[in-house]
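Here are the chains, one letter per residue:
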Amino acid sequence: MNDAVPDLLIVGGGLVGLSAGYAALRRGLRVEILERERAGSRASWAGAGMLNCRPWPREGSAAPDYHDLTLASIPLHEKWAAELLEETGIDAGFMRCGALELYPPEDDTPSGRNNIERVMEGCHARNVRAERVSPQEAKALEPSVNFDGAFTAVHFPDDAQVRNPRLGKALALACRQRGGVLREGIAVADVWIENGRVRGVLDEQGTRRPARNVLAATGAWSAQLPALTRLAPRTAKIEPWRGQMVCYRLPKPLFRRLITVDARYLVPRPDGVLLAGSTMEHVGFESVTTAEGQAELRAFTERLVPALVGVEPEQGWADLRPGLKGNHPILGMVSGVEGLFVAAGHARNGICLAPVSGESIAALVCGEEPPVPLATWLPRAAQPI
Ligand SMILES: Cc1cc2nc3c(=O)[nH]c(=O)nc-3n(C[C@H](O)[C@H](O)[C@H](O)COP(=O)(O)OP(=O)(O)OC[C@H]3O[C@@H](n4cnc5c(N)ncnc54)[C@H](O)[C@@H]3O)c2cc1C
């Protein structure tokens with residue numbers, strides 16, 4: 001088995017690559033995953049694991065949009081978490097914990113109020129439960145959180161979270177248990193293509209590794225495979241967006257729901273771990289924390305949770321989101337090259353979108369319909385954005 005040419009060779013063992021591997025193995029394909037570092041170690045480890053959907057009403061056509069992908073992925077998370085627990089004994093910590101989104105006084109303007117109305121309309125149209133609540137009502141739901149100053153809030157009872165580092169471990173183990181080959185410490189230099197067909201990949205040691213199909217699931221580094229960026233130029237626009245996180249370890253959780261304010265959030269784990277995130281920085285491939293970023297996240301946490309004033313976080317970290325402006329992610333087969341697939345550019349939502357991305361690629365490789373039609377995300381020539 002290990003010496004056979006794989007049906008699907010996946011470059012990148014983040015949650016997106018591992019999900020594709022898992023979905024392909026479940027369909028009986030031979031799978032090999034090549035990961036430069038350790039599987040599930042980069043953005044997929046560093047992220048907060050929020051699984052949420054805040055849809056706006058559909059624009060113009062009825063074509064699937066980004067929120068359709070999200071809404072297809074969250075139930076897959078729930079299903080996979082149960083099955084992975086059974087298969088591997090690892091609990092990925094999927095939990096419908098709910099969320100409270102707070103709107104600061106700056107949003108109390110006609111356009112701010114209109115935005116909130118649009119989210120409410122979008123949620124209603126797609127059966128996402130969402131309820132406007134006053135700061136007092138929010139306080140009744142989460143007494144440890146300070147809602148003073150918020151002009152309104154929205155309660156999303158079905159928002160969920162997953163323990164992404166554990167999900168990575170569970171997927172890696174499940175892939176191996178199902179006969180997949182996961183090789184760590186192997187860096188791929190490029191995709192190997194001959195006569196309009198993928199033949200495999202070339203690794204950085206100069207070894208050709210054959211495969212029937214190749215998936216680039218290379219996260220923030222997706223613009224570094226020369227043949228891929230030439231054939232699917234939009235992949236060249238994937239760039240690293242740094243996000244920092246601060247992590248507290250408390251004896252027990254102070255609240256249950258995700259708390260979100262614009263792009264900042266608090267994610268309480270049931271064992272007392274509390275994550276505060278995140279920054280959004282364009283600093284190339286520097287995945288280090290800064291004193292300023294960590295201090296901002298601490299100040300944000302202390303404003304929202306007075307009990308944490310002066311409490312030292314246990315640690316902080318930073319990693320690189322696969323950033324992509326405009327329609328994201330890039331998902332599907334590269335037109336004009338048989339057997340070459342991309343699942344990359346998931347930006348701030350790759351943990352949430354990993355299962356639907358993996359299922360989509362595995363379905364395409366097997367000639368099946370993906371869970372959501374992919375026209376919007378196909379890796380074709382650069383689209384105007
Ligand atoms: C601070 C922070 C908070 C976040 N919070 C959330 C959240 O709450 N919810 C959410 O949905 N998303 C969140 N995200 C985003 C999410 O983490 C990413 O979108 C997602 O992890 C991308 O997954 P990936 O598998 O594409 O990338 P990665 O996890 O980065 O994996 C890509 C892998 O490919 C490997 N690789 C790259 N090039 C090569 C090569 N040439 N050869 C071999 N291997 C290669 C890398 O080593 C890496 O392991 C967050 C991100 C950050 C940084």
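Quantities reported herein were computed from a predicted structural model and do not represent experimental measurements. (Residues numbered from 1 in each chain as written. Predicted model: local features only at pLDDT ≥ 70, side-chain atom pairs only at ≥ 80, totals over all residues. Heavy atoms only, no water.)

Glancing now at the sheet that holds strand E5 (residues 131-133). Spatially, 8 strands are ordered E5-E6-E4-E14-E15-E16-E13-E17 in an open sheet, and the strand pairing comes out mixed. Edge positions in the open sheet fall to E5 and strand E17 (315-323), since each of these has one partner strand only. Geometrically, the sheet is characterised by an average inter-axis angle of 20° between neighbouring strands, direction not taken into account. Across 9 bridges, the pairing between strand E13 (residues 239-249) and E17 is antiparallel. Opposite Met245, over in E17, you have Trp317 as the bridge partner. Seen against the sheet, helix H4 (residues 110-125) touches strand E4 (99-103), E5 and strand E6 (152-156) and runs at an angle of roughly 15° to E6. (Pairing = 2+ DSSP bridges. Helix = DSSP H or I, 4+ residues; strand = E, 2+ residues; numbered from the N terminus. Axes fitted to C-alpha atoms, helices over the stretch in contact; angles between N-to-C directions. Contact = heavy atoms within 4.5 Å.)

On to the packing of aromatic side chains. If you walk through the whole model with that rule in mind, you get 3 aromatic pairs. When the ring of Tyr22 is compared with that of Trp80, the centres are 4.9 Å apart and the planes differ by 85°; the resulting orientation is edge-to-face. In this pair, Tyr22 sits in helix H1 (residues 15-26) while Trp80 sits in helix H3 (residues 66-88), placing the two residues 58 residues apart along the sequence. According to the relative accessible area criterion, Tyr22 is buried, its value standing at 0%. For the cation-ring pair, Arg54 lies above Phe156, with the distance from its terminal atom to the ring centre recorded as 4.0 Å. The side chain of Arg208 reaches across the aromatic face of Trp192, ending 5.0 Å from its centre. (Phe/Tyr/Trp six-rings, centres within 6.5 Å; stacked < 30°, edge-to-face > 60°. Buried < 20%, exposed > 50% of the residue type's maximum accessible area, 1.4 Å probe, protein only. Lys NZ or Arg CZ within 6 Å of the ring centre and 35° of its normal.)

Applying the stated criterion across every chain yields a total of 30 salt bridges. For Glu101, the salt bridge goes to Arg54, with nearest N and O atoms at 2.1 Å. Taken together, the positions of Glu101 in strand E4 and Arg54 in the loop between strand E3 (50-51) and H3 put the pair 47 residues apart, joining distant regions of the chain. Here Glu101 falls in the buried class, since its relative accessible area comes to 10%. For Arg54, a relative accessible area of 17% corresponds to the buried category. Beyond isolated ion pairs, a larger network of salt bridges with shared partners links Glu32, Arg183, Asp203 and Arg209. (Salt bridge = Lys/Arg side-chain N within 4 Å of Asp/Glu carboxyl O.)

Our focus in this paragraph is the site of the ligand. Among the 36 residues in the neighbourhood of the ligand, the closest are listed as Glu35, Ser44, Val188, Ala347 and Cys352. At 3.1 Å, a backbone N or O of Ala48 approaches a nitrogen atom of the ligand. A distance of 2.8 Å is found between an oxygen atom of the ligand and a backbone nitrogen or oxygen belonging to Ala347. The protein chains hide 98% of the 1000 Å² of surface that the ligand would expose on its own. Those elements giving two or more residues to the shell around the ligand turn out to be H1, strand E2 (31-35), helix H2 (43-46), E13, E17 and helix H9 (350-365). Inspection of the shell around the ligand shows a minimum of three residues originating in each of domain 1 (8-88 + 164-237 + 325-377) and domain 2 (99-158 + 239-323). (Near = heavy atom within 4 Å. Polar contact = N/O pair within 3.5 Å; in protein donor to acceptor, adjacent residues only side chain to side chain. Areas by Shrake-Rupley, 256 points an atom, 1.4 Å probe, with all protein chains shown as cover. Domains from an automatic or database assignment.)

So, on to unusual backbone geometry. The omega torsion across Gly277 and Ser278 is -20°, close enough to zero to call that bond cis. Looking at the element boundaries, Ser278 is found in the loop between strand E16 (273-277) and helix H8 (291-304). The step from His328 to Pro329 runs through a cis peptide bond, and the omega angle for that step is 0°. Inspection of the secondary structure assignment puts Pro329 in the loop between E17 and strand E18 (330-333). Notably, Asn195 is not glycine yet its phi reads approximately 50°, a positive angle.

What follows concerns the domain arrangement of the protein chain. Per the domain assignment, the segments making up the protein chain are domain 1 (8-88 + 164-237 + 325-377) and domain 2 (99-158 + 239-323). Once you take the C-alpha centre of each, domain 1 and domain 2 turn out to be 27 Å apart. For the pair domain 1 and domain 2, the two sides together bury roughly 2800 Å², of which 58% comes from carbon and sulfur. The three residues of domain 1 that bury the most area against domain 2 are Arg54, Trp56 and Arg348, which together make up 24% of that side's buried surface. As a salt-bridge pair, Arg42 and Asp319 come within 2.9 Å of each other at their nearest N and O atoms. Summed over the shared surface of domain 1 and domain 2, the number is 12 residue pairs in polar contact (both at pLDDT 80 or more). Where the side of domain 1 that touches domain 2 is concerned, the elements lending two or more residues are H2, H3 and helix H6 (164-177). (Buried area = accessible area lost by both parts, 1.4 Å probe.)

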